[in-house]
Amino acid sequence: VGDTFTIAKVKMNNYKHIKFPKSNFIIKKGGIANYKNIVNQKVEITALEEQKDGKIEATIQLKSGRSFFKSHKYIKVDLKKALSSKELI
């Protein structure tokens, strides 16, 4: 908790291990579904939770204090897989 990472650029915005909400949920909450604003943003881990199957799920928020897509304050991440696939660096 408290570690800082950067969201990396992924081909065709295909983030598998960072659980971004689907576009329709972003738009329903009044946000803008634009992944260009997310790339190279600093994020901070706010909570860690170990799942029954051994996965470590982290909750992240933007270091700047803003919301993801102007609609979501926190996002869940499968931490080990996101680091190994270089979605988070």
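Structure: see above.
Predicted model only: the values in this text are computed from it and were never measured.

## Focus: the overall build of the chain
Across its full length, the chain carries two helices and five strands. Starting at the N terminus and ending at the C terminus, the chain contains elements arranged as β-β-α-β-β-β-α. Against the 2.2 N^0.38 benchmark of 12 Å for 89 residues, the chain shows a C-alpha radius of gyration of 12 Å, consistent with a compact globule. Overall, the C-alpha framework of the chain stretches about 35 × 25 × 25 Å when taken along its three principal axes. Put simply, the chain has 89 residues, and 38% of those count as buried. In the chain, the proportion of contacts linking residues at least 24 apart, taken out of those at least 6 apart, comes to 55%. Per element, the accessible surface of the chain, about 6,000 Å² overall, is 51% carbon and sulfur.

## Notes on the pattern of salt bridges
Going through the model one piece at a time under the given rule, you end up with three salt bridges. With its nearest N and O atoms 3.9 Å apart, the salt bridge here joins Lys 76 to Glu 57. Here Lys 76 is found in strand 5 (residues 75-78), whereas its partner Glu 57 is found in strand 4 (residues 56-62), with 19 residues between them in sequence. Take Glu 57: its relative accessible area is 16%, and that puts it in the buried class. When salt bridges with common partners are traced through the structure, they connect Lys 19, Glu 57 and Lys 76 into a single cluster.

## Things to note about the nonpolar core
Counting 22 residues, the largest nonpolar core has Ile 7, Tyr 15, Ile 18, Phe 20, Val 43, Phe 68 and Leu 88 as its most contacted members. Those elements that place two or more of their residues in this core are strand 3 (42-50), strand 4, strand 5 and helix 2 (79-84). The dominant element in this core, judged by the number of residues it contributes, is strand 4, at three residues. Aside from chain neighbours lying at most four places away, what touches Leu 88 is Phe 5, Thr 6, Ile 7, Ile 18, Val 43, Val 77, Leu 79, Ala 82 and Leu 83.

Cut-offs and rules
Residues numbered from 1 in each chain as written. Predicted model: local features only at pLDDT ≥ 70, side-chain atom pairs only at ≥ 80, totals over all residues. Heavy atoms only, no water. Helix = DSSP H or I, 4+ residues; strand = E, 2+ residues; numbered from the N terminus. Rg over C-alpha atoms; globule rule 2.2 N^0.38 Å. Buried < 20%, exposed > 50% of the residue type's maximum accessible area, 1.4 Å probe, protein only. Contact = heavy atoms within 4.5 Å. Areas by Shrake-Rupley, 256 points an atom, 1.4 Å probe, with all protein chains shown as cover. Salt bridge = Lys/Arg side-chain N within 4 Å of Asp/Glu carboxyl O. Core = buried A, V, L, I, M, F, W, Y, C linked by side-chain atoms within 4.5 Å.

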